[in-house]
Protein chains: 4
Amino acid sequence: MSNTFGKRFRLTSFGESHGIALGGVVDGCPPGIELSIEKIQQELDRRRPGQDQFSTLRNEADKVEILSGMFEGKTTGMPIGFIIRNSDHKPEDYDDLKNLYRLSHADYTWHRKYGVRDYRGGGRSSAREHVSRVVGGAIARQILETKGIEIAAYTSQIGNISLDKSYTELDLKTIEQSPVRCPDKDLAEKMLAFLNKVKGDGDTVGGAVTCIIKNVPIGLGEPVFDRLQAQLAFAMMSINAAKGFEYGKGFAAATMKGSEHNDEFISDNGTIRTKTNHSGGIQGGISNGEDIFFKVAFKPVATIFKEQKTTDISGAEVVMTARGRHDVCVVPRAVPVVEAMAAMAILDAML
Amino acid sequence: MSNTFGKRFRLTSFGESHGIALGGVVDGCPPGIELSIEKIQQELDRRRPGQDQFSTLRNEADKVEILSGMFEGKTTGMPIGFIIRNSDHKPEDYDDLKNLYRLSHADYTWHRKYGVRDYRGGGRSSAREHVSRVVGGAIARQILETKGIEIAAYTSQIGNISLDKSYTELDLKTIEQSPVRCPDKDLAEKMLAFLNKVKGDGDTVGGAVTCIIKNVPIGLGEPVFDRLQAQLAFAMMSINAAKGFEYGKGFAAATMKGSEHNDEFISDNGTIRTKTNHSGGIQGGISNGEDIFFKVAFKPVATIFKEQKTTDISGAEVVMTARGRHDVCVVPRAVPVVEAMAAMAILDAML
Amino acid sequence: MSNTFGKRFRLTSFGESHGIALGGVVDGCPPGIELSIEKIQQELDRRRPGQDQFSTLRNEADKVEILSGMFEGKTTGMPIGFIIRNSDHKPEDYDDLKNLYRLSHADYTWHRKYGVRDYRGGGRSSAREHVSRVVGGAIARQILETKGIEIAAYTSQIGNISLDKSYTELDLKTIEQSPVRCPDKDLAEKMLAFLNKVKGDGDTVGGAVTCIIKNVPIGLGEPVFDRLQAQLAFAMMSINAAKGFEYGKGFAAATMKGSEHNDEFISDNGTIRTKTNHSGGIQGGISNGEDIFFKVAFKPVATIFKEQKTTDISGAEVVMTARGRHDVCVVPRAVPVVEAMAAMAILDAML
Amino acid sequence: MSNTFGKRFRLTSFGESHGIALGGVVDGCPPGIELSIEKIQQELDRRRPGQDQFSTLRNEADKVEILSGMFEGKTTGMPIGFIIRNSDHKPEDYDDLKNLYRLSHADYTWHRKYGVRDYRGGGRSSAREHVSRVVGGAIARQILETKGIEIAAYTSQIGNISLDKSYTELDLKTIEQSPVRCPDKDLAEKMLAFLNKVKGDGDTVGGAVTCIIKNVPIGLGEPVFDRLQAQLAFAMMSINAAKGFEYGKGFAAATMKGSEHNDEFISDNGTIRTKTNHSGGIQGGISNGEDIFFKVAFKPVATIFKEQKTTDISGAEVVMTARGRHDVCVVPRAVPVVEAMAAMAILDAML
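Computed from a prediction, not measured in an experiment: that's the story for all the values here. (Residues numbered from 1 in each chain as written. Chains lettered and ligands numbered in written order. Predicted model: local features only at pLDDT ≥ 70, side-chain atom pairs only at ≥ 80, totals over all residues. Heavy atoms only, no water.)

*Asks:* I tried to follow the packing of helix α1 (residues 37-47) of chain D against helix α7 (residues 331-350) of chain D on my own but got confused; where do I start?
*Replies:* Each pair of packed helices can be described by the angle between their axes along with the distance between the axes. Residue and element names in this part refer to chain D. For the pair α1 and α7, the least separation of the axes is 7 Å and the interaxial angle reads 145°. Here E43, R46 and R47 of α1 lie close against α7, whose contacting residues are R333, V335, P336, V337 and E339. For the contact of α1 with α7, a count of residues per class yields three nonpolar, no polar and five charged. (Axes fitted to C-alpha atoms, helices over the stretch in contact; angles between N-to-C directions. Helix = DSSP H or I, 4+ residues; strand = E, 2+ residues; numbered from the N terminus. Contact = heavy atoms within 4.5 Å. Nonpolar A, V, L, I, M, F, W, Y, C, P; charged D, E, K, R; others polar.)

*Asks:* How do you make sense of unusual backbone geometry when you look at a structure like this?
*Replies:* Most peptide bonds are trans, and most residues other than glycine sit at a negative phi. In this structure, the amide linkage connecting P223(C) to the following residue, V224(C), adopts the cis form with an omega of 5°. Tracing the chain through its elements places V224(C) in the loop between β10 (207-214) and α5 (228-237). The backbone of R181(B) sits at a positive phi, close to 60°, despite the residue not being glycine. Checked against the element boundaries, R181(B) lands in the loop between β9 (161-162) and α4 (185-200). You will see that N269(B), though not glycine, has its phi angle at about 55°, which is positive. Among the structural elements, N269(B) can be located in the loop between β12 (265-268) and β13 (271-274).

*Asks:* What is the right way to look at the sheet that holds strand β1 (residues 4-5) of chain A in this model?
*Replies:* Pairing between sheet strands relies on hydrogen bonds along the backbone, with the strands arranged either parallel or antiparallel. All names here are of chain A. Within the open sheet, the five strands sit side by side as β1-β2-β3-β7-β4. Their pairing is antiparallel. Taken across any chain shown, the strands that pair with only one partner, and hence form the sheet edges, are β1 and β4 (64-66). Across two bridges, the pairing between β1 and strand β2 (residues 10-15) is antiparallel. Bridge assignment links F5 to a residue of β2, and that residue is L11. Across the sheet, helix α1 (residues 37-47) lies against β4 and β7 (80-85), angled at about 150° from β4, the strand it touches most. (Pairing = 2+ DSSP bridges.)

*Asks:* Looking at this model, I keep getting lost on the environment of K275(A). Mind explaining?
*Replies:* Mapping K275(A) onto the fold places it in the loop between β13 (271-274) and β14 (282-283). Apart from the residues within four sequence positions on either side, K275(A) is in contact with E264(A) and I266(A).

*Asks:* Is there a simple way to explain the interface of chain C and chain D in this structure?
*Replies:* One widely used convention gives an interface's size as the accessible area the parts lose upon coming together. Contacts between the two partners involve 102 residues from chain C, matched on the other side by 102 residues from chain D. For the chain C face of the interface with chain D, the top three residues by lost area are F225(C), K243(C) and F265(C), together amounting to 11%. Across the chain C-chain D interface, the total number found is two salt bridges. Measuring nitrogen to oxygen at the nearest pair gives 3.0 Å for the salt bridge that ties K113(D) to E222(C). One can count 52 residue pairs in polar contact (both at pLDDT 80 or more) joining chain C with chain D. Classifying every residue of the side of chain C that touches chain D gives 41 nonpolar, 38 polar and 23 charged. Here strand β11 (residues 242-247) of chain C pairs with strand β11 (residues 242-247) of chain D via three bridges, running antiparallel. Bridge pairing in β11(D) links G244(C) to E246(D). (Buried area = accessible area lost by both parts, 1.4 Å probe. Salt bridge = Lys/Arg side-chain N within 4 Å of Asp/Glu carboxyl O. Polar contact = N/O pair within 3.5 Å; in protein donor to acceptor, adjacent residues only side chain to side chain.)

*Asks:* When you look at the relation of the copies chain B and chain A in this model, what are you seeing that I'm missing?
*Replies:* For these two chain copies, the linking operation is a rotation about an axis paired with a shift along it. When chain B is fitted to chain A, the residual RMSD is 0.0 Å, and the transformation amounts to a turn of 180° plus an axial shift of 0.0 Å. Interpreted geometrically, this transformation is the action of a two-fold axis. By residue overlap, the copies meet face to face through one surface: 100% of the interface positions of chain B are interface positions in chain A. (Least-squares fit on C-alpha atoms with pLDDT ≥ 70 in both.)

*Asks:* What is the right way to look at the sheet that holds strand β16 (residues 292-298) of chain D in this model?
*Replies:* Reading across from one edge, β9(C)-β8(C)-β10(C)-β16(C)-β11(C)-β11(D)-β16(D)-β10(D)-β8(D)-β9(D) is the order of the ten strands in this open sheet, with antiparallel pairing throughout. Since the sheet does not close on itself, it has two edges, and those belong to β9 (161-162) of chain C together with β9 (161-162) of chain D, each with one partner. Lying on the sheet, α7(D) is in contact with β8 (150-158), β10 (207-214) and β16 of chain D; it crosses β8(D) at an angle near 145°.

*Asks:* Would you take a moment to explain the pattern of salt bridges for this structure?
*Replies:* Two side chains bearing opposite charge may form a pair once their charged atoms approach each other closely. Residue and element names in this part refer to chain A. Counted under the stated rule, the structure contains 96 salt bridges over all chains. Of the charged contacts, one joins E339 and R46 as a salt bridge, the two residues approaching to 2.7 Å between their closest N and O atoms. With a gap of 293 residues between them, E339 in helix α7 (residues 331-350) and R46 in helix α1 connect regions that are remote in the sequence. Neither residue differs from the other here; E339 and R46 are each classed as buried. Linked by salt bridges that have partners in common, E43, R46, R141, E176, R181 and E339 make up one network. (Buried < 20%, exposed > 50% of the residue type's maximum accessible area, 1.4 Å probe, protein only.)

*Asks:* What's the story with the interface of chain B and chain A in this structure? I'm lost.
*Replies:* The interface is formed by 102 residues belonging to chain B together with 103 residues belonging to chain A. Taking both partners together, chain B and chain A bury about 7900 Å²; carbon and sulfur atoms supply 60% of that area. For the chain B face of the interface with chain A, the top three residues by lost area are F225(B), K243(B) and F265(B), together amounting to 11%. Joining chain B to chain A, the criterion identifies two salt bridges. Across the contact surface, chain B and chain A share 51 residue pairs in polar contact (both at pLDDT 80 or more).

*Asks:* Is there a simple way to explain the arrangement of the chains in this structure?
*Replies:* At their nearest point, the C-alpha atoms of chain B and chain C are still 9 Å apart, with no contact between the two. There is no contact between chain A and chain D; across them, the least C-alpha separation is 9 Å.

*Asks:* I keep staring at the pairing of strand β18 (residues 317-320) of chain D and nothing clicks. Help me out?
*Replies:* In the case of a regular strand, side chains alternate between the two sheet surfaces. Residues and elements named next belong to chain D. Pairing of strand β17 (residues 308-311) with β18 involves four bridges; the strand directions are antiparallel. By the bridge assignment, K309 is partnered in β18 with V319. Adjacent in sequence and paired antiparallel, β17 and β18 are bridged by five residues, among which G315 carries a positive phi angle near 95°.

*Asks:* Which parts of the structure should I look at to understand the packing of aromatic side chains?
*Replies:* Each aromatic ring pair is summarised here by two numbers: the centre-to-centre distance and the angle between the ring planes. For the structure shown, the criterion picks out 40 aromatic pairs over all chains. Plain terms: the ring middles of Y101(C) and Y108(C) are 5.2 Å apart, the flat faces sit at 75° to each other, and that makes the pair edge-to-face. For the residue pair Y101(C) and Y108(C), the accessibility class agrees, reading buried in each case. Through a chain of ring-to-ring contacts, three or more aromatic side chains come together here, namely F5(A), F225(A), F234(A), F5(B), F225(B) and F234(B). Looking at K243(B), its charged tip hangs above the ring of Y247(A), at a distance of 3.8 Å from the centre. (Phe/Tyr/Trp six-rings, centres within 6.5 Å; stacked < 30°, edge-to-face > 60°. Lys NZ or Arg CZ within 6 Å of the ring centre and 35° of its normal.)

*Asks:* What is the right way to look at the nonpolar core in this model?
*Replies:* Generally speaking, nonpolar side chains in soluble globular proteins are found buried as a group. Judged by nonpolar contacts, the single largest core of 184 residues is most densely connected at F294(A) and F294(B). In this view, F294(A) contacts V209(A), T210(A), C211(A), I213(A), L232(A), M236(A), F245(A), E246(A), Y247(A), V338(A) and A342(A); residues no more than four positions away in its chain are not counted. Counting residues in each nonpolar core, the second largest holds 183 residues, with A140(C), L172(C), M341(C) and A152(D) among its members. (Core = buried A, V, L, I, M, F, W, Y, C linked by side-chain atoms within 4.5 Å.)

*Asks:* Would you mind showing me how to read the environment of D171(D) here?
*Replies:* Residues and elements named next belong to chain D. By the secondary structure assignment, D171 is in the loop between β9 and α4 (185-200). On the basis of relative accessible area, D171 is assigned to the partly exposed category, the value being 41%. Each C-alpha atom of the pair D171 and Q42 lies 21 Å from the other, and the pair is 129 residues apart in sequence.

*Asks:* So what exactly am I meant to see when it comes to the confidence of the model for chain A here?
*Replies:* Caution is warranted with low-pLDDT regions, since their predicted coordinates should not be read in detail. For chain A, the average pLDDT comes to 94, and 97% of its residues sit at 70 or higher. Two numbers describe this predicted complex: its pTM, 0.97, and its ipTM, 0.97. (pLDDT = per-residue confidence, 0-100.)

*Asks:* Looking at this structure, how should I read the environment of R273(B)?
*Replies:* Residues and elements named next belong to chain B. Inspection of the secondary structure assignment puts R273 in strand β13. The partly exposed category is assigned to R273, whose relative accessible area is 34%. Taking C-alpha positions, R273 is 8.0 Å from N288, a pair spaced 15 residues apart along the chain. In contact with R273, other than residues within four places in its own chain, are E264, F265, I266, D268 and E290.

*Asks:* How do you make sense of the relation of the copies chain C and chain D when you look at a structure like this?
*Replies:* Overlay of chain C on chain D (RMSD 0.0 Å): rotation 180°, translation along the axis 0.0 Å. When you check the interface residues of chain C against chain D, 100% turn up at the interface there too, and the contact is symmetric in its surfaces.

*Asks:* What's the story with α4(D) in this structure? I'm lost.
*Replies:* Helical geometry: 3.6 residues make up each α-helical turn, so side chains three or four residues apart lie on a common side. All names here are of chain D. In this model, α4 (16 residues) spans 23 Å end to end at C-alpha, consistent with the 22 Å of a helix rising 1.5 Å per residue. Those residues of α4 that sit buried are L187, A188, M191, L192, L195 and V198. Buried residues of α4, viewed axially, fall in a sector of 145°; they line one side. Residues of α4 that are exposed and angled more than 90 degrees away from the buried face: K185, D186, E189, K190, K197 and G200. The elements touched by buried residues of α4 are β8 and β9. Put simply, D184 is the residue that caps the front of α4, since its side-chain oxygen is 3.2 Å from the backbone nitrogen of D186. Phi turns positive one or two residues past the end of α4, at G202, with a value near 70°. (Expected span 1.5 Å × (residues − 1). Arc of directions from axis to C-beta.)

Structural data, given as structure tokens:
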């Protein structure tokens, strides 16, 4: 297993969905930074289950306890250890899953790789592991904010309902006003209605998250391999259920001519900038000072409330129906996770 | 800079486009493997410039010299040092670029980050650096082949001409029959005609490469961060001009329901497999034994033979027209690079 | 800071001497190993303060809580998070040290490097950090034991009282019978008497620990840089107060001829072994199957109960006398720490 | 194998004693530094075989060729690839060693670990690999010199002839005046006479090297694990034939009282310094601005011109006598290697 993210700003994460606690250690945090624990808690609250009708009803306070690395309200440069105790774990909900492989979950591959299997809610393969990332990201974000760097992500697609406007035409301050975290009010309504229908069918659906990072200094990224886009892609593709990553014009760039895609350099009161930003803020693997933006695709939640065929661990075919508490779509709750991973990746590239 | 790829099977690459030589060191190579230097050379030949009318006319033999790590035709487990000398470098072609920033190239960001600038053909930011990757990949591929693992990539899109069939309907043995490396004969013809037109216009165009990896053992990938898809995404997004990565159903998964996307487990003569493969061979971050497949989007080549506005290093606006020798589309020559990076990423995950 | 030890079996440690808790995360632990938490606690008890008259009187239960990575008594391959809460922290003991630099402590260098300073008992620079290492080592040791590998360390020197016999002439089972952890009964008595005298003088003294690792498989170590002795030296020199490391004949080898030092290969019932073991179980950077043995020198504890001159943070010279609770000699309590670091280094080299 | 040294300033080394070439890649080198290739060559010349009557007569020009990473005389921040071709390799000298294990060499352990064996002069286990380190070190040293940091090492012991004076009493500029590299003229004569005698006996002898690093900035070292002394110990113990490492008072500290060993802080015209330097320039794992000094013990060369018993690869006992060209004592030629590793370790800690 590899449970450490980052080279300079490093999060090492631990914990299982239905174990005693989750937590982690943030190492490489610069000293002397004022850290608000409330702001960390706010980010956890954004990811918390049970915040609306489409997310799992599991009731977790997700209260973070910081154990080290701070003194008199500031970071000391020492590692920040933290834990989040599980309270509403119901491992017994999973007893009848003990011997079968849930479709498109990690059950089969993890069992084959590790030999043993913590079947309680997927154990460590559960998206509940993301709480540790959200804490790490909330610390990174506060450090980035001291340098004026802002990160915002939003739901840009649920099923076939897709927000095709550029982020520059949206008011990103309205993201949190809708439970689906889409800043286009009309589209947010449509997404809500669609999620209600999907939920009624006992089904789930995929979607996408778009993320924008503003005021990034010129010079982040370490070619030829650790290009900034490679680090961001790695960070995003390490999130549960992520299936694709694109930045700048992304897959649309495949259809473009050089004469259309090239970003003209201009002088903006003495500062060299680009007139357009098809490059998405990264050229030659290094940030160029323009906004960085990228999109992450997520598959539909694998647990559905319909009968499905699968096999048990002996290979015998069985029919299963899910029980328990599950999301209809991960995308709204993935928004803070995308931001957290982006914050850690950018800070790691800066230090 | 970060010029080492991989954790266990590691390529460290060096060299500039118009310097004395490029090369690298492969460390972590298992001992006792018969290595064919001819096969390494064949892969270099596939990426070599000047092989058709759409690629740069630069004339390089790209002859590899292996300096260490082999004894009596076999690997010894020791690091494999290799070099490829540049012969047809014409740094003088670049003299008039010395003081200006080419559009959508690495000129500006690298100059800002490193302070000095090797303006000769982009120096190390040139895609010519990929020769080192092709050597590393060709070594990795030969090791994978001893375990039955096969890798094949092809051009699946050039501009709006897109090959939408699944790879399972194609004859992958025909890839090399067309200079565009598209295994659909009709589409390959259309792509060729289109490239001729774009070349005539002095323009360039983007595209995409699809890659398939067969016979991957169950168990590759190291969650929670170093998931196999995260490692592949990192590898692909480290290639020059890559703008997007998706695996399995990719961005299309965002539009799907759980009931459509889930891959049913079945027993295939005692072996547990999946009936469909929307997961793209990876579940919970770990390979499940099914084919792995993914797609990489590439932007159009930035150097075009049309007048363009940019600035010089002082910020003054200038008009430039490219000279020299350049590709119309990187995609056909990116095919062996995608394969090389895939081979190294998979072998690295196996060791 | 760098708070992660190991490449494959990795301990990430956190916590300060007078903070809320210390702890860590063990990542890379193989799955399916039965782990006894009692055995982990036993190792912590061996390092616990207040166990005899020569160690600090600080009263800490040092009770470990395992938070993840185990299921039904066995490791799962998932990261093992653990914490040890501080109970007897008296930060107020340190208020008058807030503005001065204790001699030969980390106060000055850490203040200069990090800018902020957690002056409470040295914060993270305190040897109390070793509790996390002892937990990591106790986990590693249990895994090594399943493969028959045994590790034993003992006090081989305190001041000028030095145990010069080879470990092969000692009964290593008697180490724990003396509070100084010296397996030579007579010498142990002398050391005790000497420590009593030093304590009476308000002074402290240095010493050395010898460590033996038996039944190490042939082949550990990764030349040319990560030789097994380099990894062990790194591990030992990362321990607080360590000043020197030697293995095999060590510094005495400098005085020897090749004809004296060379270890003759012999056939021992078909197994190739060496007749002597001047090499200390490592040849060419790789274990050869013979016992590995090495010695670590420790400086005297820096806190003494005598008046000493130093400066305050403004550079003004001041006279200080220590208060609080401190060891007379670190060596007896360093014995389990040396074993812990050895266990982690060896397991890391094996995986 | 692990052939990369360093985390930020990284040397990746390749090549065998009797292969085509040795070489390496230096990555992480800061841009804009004027590099003298002559100075690199001078360091290689200091390590070159055949420079006096005690070193192997192998005749190698050891001419370095820099292939990348420099432009107009300066570093560019790009990786510096370099090679040194072997010329006087006589693999046939080793034909009769093909099937036996030389005593206290790497033959046995490397054969067991890697399965295959490049028996030509020890292949990669030969100290000839150090040429790559010397190049890396010579680059690092030039960068350190721009910051006023100086490194000097000398022979402080050969057999029982030991230079016990502190380095502060020696004129380090005279080191190169004697072929044994001992700055005490009388002792140097005695060492020479002793080496002549040992050579006449067909034997070899061990020794020690002392190294001093001046003008190191305060703040190098990354506790709790990557303490500066741990990094230096690792670097030194990765050198062929090294058996021990100590810094500051080293093993002598074990015999001292706290009241003797503690370094008093004083104010030196407003700068806080220590009155004595028993700490060896490192406190709490971090440089304190005083001179860093350490000592490395080396075992005698394993190849002697006397009959010795060993076994062949089948385990049968055989009698062998060495042929070929070998050093009587590695220590004089280890001096530039110790300096090279020190330079790389210090620069790596600074970046």
